[in-house]
Number of protein chains: 6
Amino acid sequence: MSRSLVIQVINPNTSEAMTQTIGQAAAQVAAPGTKIVAVCPSQGVPSIEGHFDEAIAAIGVLEQVKQGRAAGVDGHIIACFGDPGLLAARELARAPVIGIAEAAMHMATLVATRFSIVTTLPRTLIIARHLLQQYGFEHQCAALHAINLPVLALEDGSGLAQQKVREMCIQAKQQDGSGAIVLGCGGMADLARELTQELGIPVIDGVSAAVKMVESLVALGLSTSKHGDLDFPVTKPLSGMFSIFNE
Amino acid sequence: MSRSLVIQVINPNTSEAMTQTIGQAAAQVAAPGTKIVAVCPSQGVPSIEGHFDEAIAAIGVLEQVKQGRAAGVDGHIIACFGDPGLLAARELARAPVIGIAEAAMHMATLVATRFSIVTTLPRTLIIARHLLQQYGFEHQCAALHAINLPVLALEDGSGLAQQKVREMCIQAKQQDGSGAIVLGCGGMADLARELTQELGIPVIDGVSAAVKMVESLVALGLSTSKHGDLDFPVTKPLSGMFSIFNE
Amino acid sequence: MSRSLVIQVINPNTSEAMTQTIGQAAAQVAAPGTKIVAVCPSQGVPSIEGHFDEAIAAIGVLEQVKQGRAAGVDGHIIACFGDPGLLAARELARAPVIGIAEAAMHMATLVATRFSIVTTLPRTLIIARHLLQQYGFEHQCAALHAINLPVLALEDGSGLAQQKVREMCIQAKQQDGSGAIVLGCGGMADLARELTQELGIPVIDGVSAAVKMVESLVALGLSTSKHGDLDFPVTKPLSGMFSIFNE
Amino acid sequence: MSRSLVIQVINPNTSEAMTQTIGQAAAQVAAPGTKIVAVCPSQGVPSIEGHFDEAIAAIGVLEQVKQGRAAGVDGHIIACFGDPGLLAARELARAPVIGIAEAAMHMATLVATRFSIVTTLPRTLIIARHLLQQYGFEHQCAALHAINLPVLALEDGSGLAQQKVREMCIQAKQQDGSGAIVLGCGGMADLARELTQELGIPVIDGVSAAVKMVESLVALGLSTSKHGDLDFPVTKPLSGMFSIFNE
Amino acid sequence: MSRSLVIQVINPNTSEAMTQTIGQAAAQVAAPGTKIVAVCPSQGVPSIEGHFDEAIAAIGVLEQVKQGRAAGVDGHIIACFGDPGLLAARELARAPVIGIAEAAMHMATLVATRFSIVTTLPRTLIIARHLLQQYGFEHQCAALHAINLPVLALEDGSGLAQQKVREMCIQAKQQDGSGAIVLGCGGMADLARELTQELGIPVIDGVSAAVKMVESLVALGLSTSKHGDLDFPVTKPLSGMFSIFNE
Amino acid sequence: MSRSLVIQVINPNTSEAMTQTIGQAAAQVAAPGTKIVAVCPSQGVPSIEGHFDEAIAAIGVLEQVKQGRAAGVDGHIIACFGDPGLLAARELARAPVIGIAEAAMHMATLVATRFSIVTTLPRTLIIARHLLQQYGFEHQCAALHAINLPVLALEDGSGLAQQKVREMCIQAKQQDGSGAIVLGCGGMADLARELTQELGIPVIDGVSAAVKMVESLVALGLSTSKHGDLDFPVTKPLSGMFSIFNE
């Protein structure tokens, strides 16, 4: 009863390197019949490290969702830990849309009573805090940590950021009383499996988690409800650079 | 990279008919390589309609988890909407354990901003309320409804309970401002797909949702954290009828 | 110790008529030394009735904030009840930024123990719900109501929408046990004072409330903290249509 | 107007020594007319240190409640800090049922604005956390501590565990900003009065607290509501080892 | 080990009739060795129906607590459903202090999963709401009702208010899905036992509940913690009419 | 459209020095047409450092509100960080009433995602905690600190308390991850502007914040709702020293 499907993995920033990292992480866990199409906006912000960056990135996400929908993809993933534009994308899409913060947090609650988050810059912690509150997982998050390096340090080839993530995960395991760790950046997608092995606790990457969630929803015949507040956007003429969204 | 796996679906009550309904619902969504083994305790309670029934059923769940673990299954599902014995089972199991209430609620939050629950007897509503609070989904649940028929009415062949579920779902869609409906009983597992079609909104069955969640966790290389409070039970000699749990 | 100041009131949609309504409401309560500059994005969405519209509008808000900042305005108001782009705008701006939902809700808690919200389309209720949760005012909101007319019905000259708002306010006063009503749309800005008179309870418009809040912050020598997560966006080259945000 | 009554104190584990400790603590505070009957299940788990142990213990609790009910006792106490089987026992019993975690937490909120909890193994902290959330006392609990010794260390005669409890209570008093301490294990029941004296703050044992609560409910003519979700279990034939619960 | 003790029951309003009703209700459940001393302030407000009345009444409560403390009473009860001056009284007193709202709510959570409140004037509902939030019982309260008669109607001899309370309780039982009812006024203290009989569910009066709580705390050797924020008030000279509080 | 108005700033304690500090802080930010009248009760407590002090102070606040109302003031400010008597004062007053804790907390949420509180004695922290919960700002408060000096140390002329406040603010900025600091005592009103400059983050004084809030409400034509639970107190004869409140 399996079926072949296409999942569009949208890196909301414009970094090609990170798009590749994310795409590979997604492909590694995809089911045999699943094809991963990793994309990023042609225009936008090279990395997402705050609310301003997120607002810009949300447009790129929507642009890609529109293209993915036109191409008939079976699901969309927003591969930035702030889940920028998630509800807007759910309105626009016909297929399911999953954010990687959401995906990782959900998975974490299935394998541990409490989890820790390890992310990049301290200023992004507030975004994770707001998501925990909105998704309902505040009680399950024991602590949030930032390695204090920018997102793109994960792509500079030096391995320094990766090393800092590893150290922070070890520290979190020892100090937080958490049973699992959520990696708080799409750019960390390739670290989860190895850290899970090394630390002996679930270290969860949202990109791969989201792939399985999309596959799950499709297999269940479920998609975003179009009854109520996630219905397609009310049709009206958008102007200027946003006219790309007009049908 | 797919793999063949075995999922043990545990109906915590002793109804064979319901075990079959549940097993079929599970099999219908299982991936090609997934084998569903539907079981129920050899002893216990014929249906679960309150906290007392849940306490009894939890032992049956643990018994089955122990057997499933010995048989090397890749995941366990607790197929009763109260998720009886969930955290205890997570301690006992090596493989992931998912409850169907949990599974359905998680899925619902991915396709709607708010959902309604439709269950059997009014006295079980408090169990759902407590789970919503514990899992963090209180804000996402708009309303809870009971059809006021016992669980086994779903297996009496008359179709009356099924009809009541259908009517309640229609009413919930019209009145609650919800975008999705969660079916609050393992015995309703076969109704979801049809009601989703008829009502035009996601109507979610936890059994099938849980199958996909177990498959997802396995594919991600994730299982219950054995670091901390979900570690295997502290070894000590159990006495009397519980000596079956001694190694 | 009073000072002359300029407040930029940003209507996040592109409706000129609504921009005018909003600007007038703002001017009516502005202090003698305060100059109101009502603007709207040159491109975007004609009305905001969902998350997609909000994501588009947020860019328009940021564009205007950037221009306002360059022009040296003393404060910015985001005049749409969903407060689109609020935290992003706070990062970008040097002067204080206030959203009208936030402003109205804060004011309501100062004059009543519980308030009701009256807005336009039912699908926007979820946005208000999320804001109540994020701002911390869930307990103070007794009920939310929608008149079930689109935003621009407020500008069609027929008075029908205004009449529906009035009727809904009367009903809310009678049924909700609330002491005050918050008007949930920038386009209702001109109704508050009259309804306050007629109903004999505070009926609060966020536009005028926000004007007083900006004036207050300026007089107090307070502006958005640039220590921590609302600091100016990390500088990096934006590409394509977003290059307008490069310095 | 006093009356003579019998309170069944159920130690949910099978440790005779602990049953005695608990029974003595109960007897010490019982009113003149109150007879304490301390019991433990004939079969089960020797100590309770996790969710698995709790699930086993819940059956023992129910078995004893059934016997106590047959014997016509006036109230039941579940003397393990996780309150295993509490709601199930309330269904089964005719007389009031009180858990010692519940009892201690309630009492603590009557004598201090915030309290600390001192328990045995770290893995049991999650059980206390969940109870705080379910009972509504999260805001009143300032901190949770574990002495990191197993439950039965309290019965090994060395006094080491008792010494660790004492040290942890002193530390909690100094560091947590709490006005009272809740002892998080039935096996600590004999320490409360002495520590209250030594530390000069209320150190609360749930066993004795529960005795007074049962006496209070009886004196007030109150018992578990049989209207609604705590009504007697729906009658149906239990099978196998659970047939002991059939009438 | 029983002991003779004196409990001061403070009616915070100046109504002699209500003081008597309250005193009798207290005496009816007091243990053999317990002496009830029912008092009310010599000056203050004849009934308490809002925050202003409560502020006035709090002084009367404190005045009586000071006198009771001087007389060496073993506990104090604040017999108004808003628990006016509770934390202030805990600072001032050496013996335990219990409010009747607190007492009734605590007891209700021990016999039902959810309860309803029936009180006098609608304007006092907000006080009950705030207490539910502060005490942590929001989730356990299913609904609040007001009979829309002033407090003193309970003392006018017509029985009308009592009839309305009865009708409201019946309605609450049928509609709220609650297992118990809390009577929300000290003046209803004499109705609880009869309504419990008639309705077949626990109908709880806070006055008698508080008596048992004070007796319990005394028997347990517990009193308000004087370590931290409930310590005796910082000594300083009060002026004017408040000099009565100077030592 | 500006108007001349009179704001009564009530220092709830009887310290003349503090009344002056508070009055000056208020005057410094008042709009040109606003006249500040700083008052304190003629009788009461010299400083407010706990719940008992607050209960006494509340009467002084009400006395002053009554006088202010008779004098036709346009607004009342309760200048003690616990906001003693706030809801009672709102009942009694015709004009708006603002507490300084409330004012400072509201303002803080407009300029930072999270704030810290710096207050005087540790025992007052619980009052701030309760207000955060009641007002809905728990999630926005990152930490609370006490300098461990009594309130009147702020008026002893030594500058020691001021120095401690400064040091605590610096520490809070470095450690709490907060973007703003709320000063938790009316007696610190003169420190905010200077500390804002020195620390480079918003340091917020509630007295000045409250002045702007009252001015704002007046300009908006809003006052406390007299529909519902903040209506004028039910008229009844107060006795004894409270007869001053009889009309």
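The structure we're discussing is the one just above.
One structure accompanies this document, and this report is about it.

What counts, and where the lines are drawn
Residues numbered from 1 in each chain as written. Chains lettered and ligands numbered in written order. Predicted model: local features only at pLDDT ≥ 70, side-chain atom pairs only at ≥ 80, totals over all residues. Heavy atoms only, no water. Helix = DSSP H or I, 4+ residues; strand = E, 2+ residues; numbered from the N terminus. Rg over C-alpha atoms; globule rule 2.2 N^0.38 Å. Buried < 20%, exposed > 50% of the residue type's maximum accessible area, 1.4 Å probe, protein only. Contact = heavy atoms within 4.5 Å. Areas by Shrake-Rupley, 256 points an atom, 1.4 Å probe, with all protein chains shown as cover. Lys, Arg positive; Asp, Glu negative; His and termini not counted. Charge placed at Lys NZ, Arg CZ, Asp CG, Glu CD. Buried area = accessible area lost by both parts, 1.4 Å probe. Salt bridge = Lys/Arg side-chain N within 4 Å of Asp/Glu carboxyl O. Polar contact = N/O pair within 3.5 Å; in protein donor to acceptor, adjacent residues only side chain to side chain. Pairing = 2+ DSSP bridges. Least-squares fit on C-alpha atoms with pLDDT ≥ 70 in both. Nonpolar A, V, L, I, M, F, W, Y, C, P; charged D, E, K, R; others polar.

On to the overall build of chain A. The helix and strand inventory of chain A stands at eight helices and eight strands. Here chain A has a C-alpha radius of gyration of 17 Å; the compact-globule value for 247 residues is 18 Å, and the two agree. For the C-alpha atoms alone, the extent of chain A along its principal axes is close to 55 × 40 × 30 Å. Relative to its 247 residues, chain A shows a buried fraction of 70%. Residue pairs in contact within chain A that sit at least 24 positions apart in sequence constitute 70% of those at least 6 positions apart. Accessible surface for chain A amounts to roughly 7,500 Å². Of this, 50% is attributable to carbon and sulfur atoms. Positive and negative side-chain charges in chain A, numbering 16 and 22 respectively, have mean positions lying 5 Å apart.

Across the chain, the bulk of peptide bonds are trans and the bulk of non-glycine residues have phi less than zero. One non-glycine residue, C:D83, adopts positive backbone phi at about 50 degrees. As for its placement among the helices and strands, C:D83 is situated in the loop between β3 (75-78) and α3 (86-92).

Turning our attention to the interface of chain F and chain C. Contacts between the two partners involve 47 residues from chain F and, on the opposite side, 47 residues from chain C. Across the interface of chain F and chain C, roughly 3,700 Å² is buried in total on both sides, 64% from carbon and sulfur atoms. Considering only the side of chain F, the residues that lose the most area to chain C are F:L110, F:L220 and F:H227, jointly responsible for 18% of the buried surface there. Where chain F packs against chain C, one counts zero salt bridges. The tally of links between chain F and chain C comes to 16 residue pairs in polar contact (both at pLDDT 80 or more). If you list the elements that add at least two residues to the side of chain F that touches chain C, you get α1 (16-29), α3 (86-92), β4 (97-99), α4 (100-111), α5 (125-135), α7 (192-199), β8 (203-204) and α8 (206-219) of chain F. Among the elements that take part in the side of chain F that touches chain C, α8(F) stands out by supplying seven residues, more than any other.

Residues and elements named next belong to chain E. As summarised here, the arrangement of the four strands in space is β6-β5-β7-β8, forming an open sheet in which the pairing is parallel. Here the strands that pair on one side only, and so sit at the sheet edges, are β6 (141-146) and β8 (203-204). In the sheet, strand β7 (residues 180-183) pairs with β8 via two bridges, with the strands oriented parallel. Across the sheet, residue I181 finds its bridge partner in β8, namely V203.

The next thing to look at is the pattern of salt bridges. Under the criterion given, the structure shown has 36 salt bridges over all chains. We note a salt bridge from B:K212 to B:E215, for which the minimum N-O separation is 2.7 Å. Pair noted here: B:K212 and B:E215 are both in helix α8 (residues 206-219), with a separation of three residues, about one helical turn. Within the structure, one salt-bridge network assembled from shared partners comprises A:E49, A:D53 and C:K236.

Once turned by 180 degrees and shifted 0.0 Å along the axis, chain C lies on chain A with an RMSD of 0.0 Å. In the structure described here, the two chain copies are related by an operation that fits a two-fold rotation axis.

In this section: the interface of chain C and chain A. Between chain C and chain A, the contact holds 42 residues from the first and 42 residues from the second. A buried area of about 3,700 Å², summed over both sides, lies between chain C and chain A, and 65% of it is on carbon and sulfur atoms. Sorting the residues of chain C by area buried against chain A places C:F52, C:R123 and C:M241 first, and these three jointly supply 21% of that buried surface. The interface formed by chain C and chain A holds six salt bridges in total. The residue A:R123 makes a salt bridge to C:E91 at a minimum N-O spacing of 3.5 Å. At the boundary of chain C with chain A, the tally comes to 21 residue pairs in polar contact (both at pLDDT 80 or more). Breaking the side of chain C that touches chain A down by element, the ones donating at least two residues are α2 (51-70), α3 and α5 (125-135) of chain C. A per-element tally of the side of chain C that touches chain A places α2(C) first, with seven residues. For the side of chain C that touches chain A, a count of residues per class yields 22 nonpolar, 13 polar and seven charged.

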